[in-house]
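Below are the chains, spelled out letter by letter.
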Amino acid sequence: MTVRRSGFWVVAFAFLVVMAFATLPSPLYGLYRERDGLSTLTITIVYAIWAASTIVALIAVPFVAARIGRRGVMFAAVVTMMAAAGVLAAWQALPGLLIGRLLTGFAVGMAAGTAITYLIELSLRADPNASPVRARTIGTSVNVGALGLGPLVAGCLAAWVSHPLTVPYLVWIALGAIALAGLALAPETGAPAAAHSPFSFKLPAAAGAAGFAAFAANGLFAGLSGLLLATVFHHTSHALAGATLFIVFTAGVVSQLTTGTLRASRVFALGTISMLVGLVLLVTSVHLSTPSLALFLVSGGLIGAGAGAVFKGTAGLVLDGTSPENRVAVTAELLIVLFVGLSVPVIGAGIALDQGASAPNTVLGFAILVALGVAAAGWGLLGHRPRSSPQAA
């Protein structure tokens, strides 16, 4: 296998490592609360800092990629991720957590904004006649699946090893070093000058709304799952908290990989229905006289599956009509919308909980808002879908 061809999987691995690190601390926040006496509002601020730095990096990545290339951006993303892991492992205090998550956001934004385009270009270099659909599907699957892998590993390590707020970060530093070694051998695909200045394109409103709603549904479940497990279901296992997020995001990967032969309209419809049913089951699971953990986990799987399908569809819809030199800018624009969608319910719910709202009522209120957004976005996208796109891509 040539270095050029193997570079595809090297980049996919580097992307996986960085995106998994994005959610790595999710099952550990209970430990941070105990160690530093953090309030719900403080945890929300930590999350908001990560989200804001991710969005800042996504805004900057088209300009940076035009100067240092795709490989350069991925290299910088991995290095920044390793620096964040070092800070989180070594600085055992709230300022270390804040700075570590700030750096994490920069790393995630750089990787997410570059990797899918880089994978498509590496695939086409290895085989100019290849369809970009396979590379794009792998990229979107890594993007979603890695978000579940990080919490699973961190939760298991927290449950079974000593120093749970140090060991996971040391593991990711080692994985980052492996990724850097691989990236050093990966080919650069070039950084062609954009036909227009970055962000001069307009993301289709329907696609943006659908992606926003899908990630908002995911964000609502993922952001509240740890708290609900502890306070509603009375399960404090870190491994269970990590496994719950793994179920959500793995369901998103499965839905992407199993809908490749369906028409785009059907993928969007199934994804929308799956998310709506999942939100109903989520509310039901926490409002039963005896809350149902099994129903809660099923709701997470349905929400994750629906969000994964919609993300795959919107990425295909946006990138199919984009020229190669503008893919990074358009991908970054789409991801900005998605990360805002992922963040709004988490931050809003955190503020509501800090003001004294109960966890079940917070779930109910935000689930209604998210469900309305999902239904409206699904209707808008299906009503305005391009007729020339018969396949989900």
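Residues numbered from 1 in each chain as written. Predicted model: local features only at pLDDT ≥ 70, side-chain atom pairs only at ≥ 80, totals over all residues. Heavy atoms only, no water.

Quick look at the overall build of the protein now. Across its full length, the protein holds 12 helices and 0 strands. Secondary structure elements of the protein occur, N-terminal to C-terminal, as α-α-α-α-α-α-α-α-α-α-α-α. Taking the principal axes of the C-alpha coordinates as reference, the protein spans close to 60 × 50 × 35 Å. Charge-centre separation for the protein: the mean point of 18 positive side chains lies 9 Å from the mean point of 9 negative side chains. (Helix = DSSP H or I, 4+ residues; strand = E, 2+ residues; numbered from the N terminus. Lys, Arg positive; Asp, Glu negative; His and termini not counted. Charge placed at Lys NZ, Arg CZ, Asp CG, Glu CD.)

Now for the pattern of salt bridges. For the structure on display, the rule yields 2 salt bridges. With its nearest N and O atoms 2.9 Å apart, the salt bridge here joins Arg70 to Glu121. In this pair, Arg70 sits in helix α3 (residues 40-90) while Glu121 sits in helix α4 (residues 94-126), placing the two residues 51 residues apart along the sequence. For Arg70, a relative accessible area of 3% puts it in the buried group. A relative accessible area of 10% places Glu121 in the buried class. (Salt bridge = Lys/Arg side-chain N within 4 Å of Asp/Glu carboxyl O. Buried < 20%, exposed > 50% of the residue type's maximum accessible area, 1.4 Å probe, protein only.)

As a further point, take unusual backbone geometry. Backbone geometry at His163 places phi at a positive 55°, although glycine is not the residue there. On the secondary structure map, His163 appears in the loop between α5 (132-160) and α6 (167-183). Here His163 falls in the exposed class, since its relative accessible area comes to 57%. Non-glycine residue His234 carries a positive phi angle of around 60°. Its place among the elements puts His234 in the loop between α7 (205-231) and α8 (238-257). In this structure His234 comes out as exposed when scored by relative accessible area, which is 63%.

This next bit is on the environment of Val133. Mapped onto the fold, Val133 is located in helix α5. With a relative accessible area of 30%, Val133 lands in the partly exposed category. Note: C-alpha distance between Val133 and Leu302 (169 residues apart in sequence) is 24 Å.

Residues Leu41, Ile45 and Ile351 make up a contiguous nonpolar surface patch of about 230 Å² in total accessible area. Take Leu41: it is sitting in helix α3. (Patch = residues over 30% accessible without salt bridge, like charges linked within 9 Å, V, L, I, M, F, W, Y side chains within 5 Å. Areas by Shrake-Rupley, 256 points an atom, 1.4 Å probe, with all protein chains shown as cover.)

The predicted coordinates should not be examined in detail at positions where pLDDT is low. Confidence in the prediction for the protein averages 87 pLDDT; 90% of positions are at 70 or higher. Note on residues 386-393: pLDDT is under 50 here. Beyond four places in sequence and across chains, it has 22 contacts. (pLDDT = per-residue confidence, 0-100. Contact = heavy atoms within 4.5 Å.)

Here the focus is the packing of aromatic side chains. Both the distance between ring centres and the angle between the ring planes are used here to describe each pair of aromatic rings. One pass over the full model with this rule turns up 8 aromatic pairs. Taking 6.1 Å as the distance between ring centres and 70° as the angle between the ring planes, the aromatic pair formed by Phe21 and Tyr169 counts as edge-to-face. On the criterion of sequence distance, the pair formed by Phe21 in helix α1 (residues 3-22) and Tyr169 in helix α6 is long-range, its members being 148 residues apart. The exposure class of Phe21 is buried, given its relative accessible area of 1%. Between Phe215 and Phe311 the ring centres are 5.5 Å apart and the planes differ by 65°, which places this aromatic pair in the edge-to-face class. Of this pair, Phe215 sits in helix α7 while Phe311 sits in helix α10 (residues 293-320), placing them 96 residues apart in sequence. (Phe/Tyr/Trp six-rings, centres within 6.5 Å; stacked < 30°, edge-to-face > 60°.)

What follows concerns the nonpolar core. In a soluble, globular protein the nonpolar side chains are often hidden away together inside. If you look at the biggest cluster of nonpolar residues, it comprises 79 residues, and the most contacted ones within it are Phe15, Phe21, Tyr32, Val78, Met81, Tyr169 and Phe339. Broken down by element, this core gets its largest block of residues, 20 residues, from α3. Counting residues in hydrophobic clusters, the runner-up holds 34 residues, among them Leu220, Leu224, Ala264 and Ile303. (Core = buried A, V, L, I, M, F, W, Y, C linked by side-chain atoms within 4.5 Å.)

Here we take up the environment of Pro164. For Pro164, the position within the fold is in the loop between α5 and α6. On a C-alpha basis, the gap between Pro164 and Leu28 in space is 7.9 Å, while along the polypeptide they are 136 residues apart. Not counting the four nearest positions on each side in its chain, Pro164 is found in contact with Leu28, Leu31 and Ala158.

Considering the arrangement of structural elements, one finds Ser255 in helix α8. A relative accessible area of 10% means that Ser255 is categorised as buried. A polar side-chain atom of Ser255 sits 3.3 Å from the main-chain amide nitrogen of Ala309. (Polar contact = N/O pair within 3.5 Å; in protein donor to acceptor, adjacent residues only side chain to side chain.)

On to the packing of α4 against α5, then. With their axes 8 Å apart at the nearest point, α4 and α5 run at an angle of 150° to one another. In terms of their interaxial angle, α4 and α5 are classed as roughly antiparallel. Like other packed secondary-structure pairs, α4 and α5 cross with a definite hand, here right-handed. Across the interface between the two elements, Ile116, Leu119, Ile120 and Ser123 of α4 pack against Pro132, Ala135, Arg136, Gly139, Thr140 and Asn143 of α5. Classifying every residue of the contact of α4 with α5 gives 5 nonpolar, 4 polar and 1 charged. (Axes fitted to C-alpha atoms, helices over the stretch in contact; angles between N-to-C directions. Parallel < 35°, antiparallel > 145°, perpendicular 65-115°, else oblique. Left-handed = near helix turned anticlockwise from the far one by under 90°. Nonpolar A, V, L, I, M, F, W, Y, C, P; charged D, E, K, R; others polar.)

Time to look at the packing of α3 against α6. In contact at an axis separation of 9 Å, α3 and α6 are set at 160° when each is read in the N-to-C sense. Relative to α6, α3 is oriented roughly antiparallel. Viewed along their axes, α3 and α6 form a crossing whose handedness is left-handed. Across the interface between the two elements, Arg71, Met74, Phe75, Val78, Val79, Met81, Met82, Ala85, Gly86, Leu88 and Ala89 of α3 pack against Tyr169, Leu170, Trp172, Ile173, Gly176, Ala177, Ala179, Leu180 and Leu183 of α6. A breakdown of the residues in the contact of α3 with α6 according to their chemical character gives 17 nonpolar, 2 polar and 1 charged.

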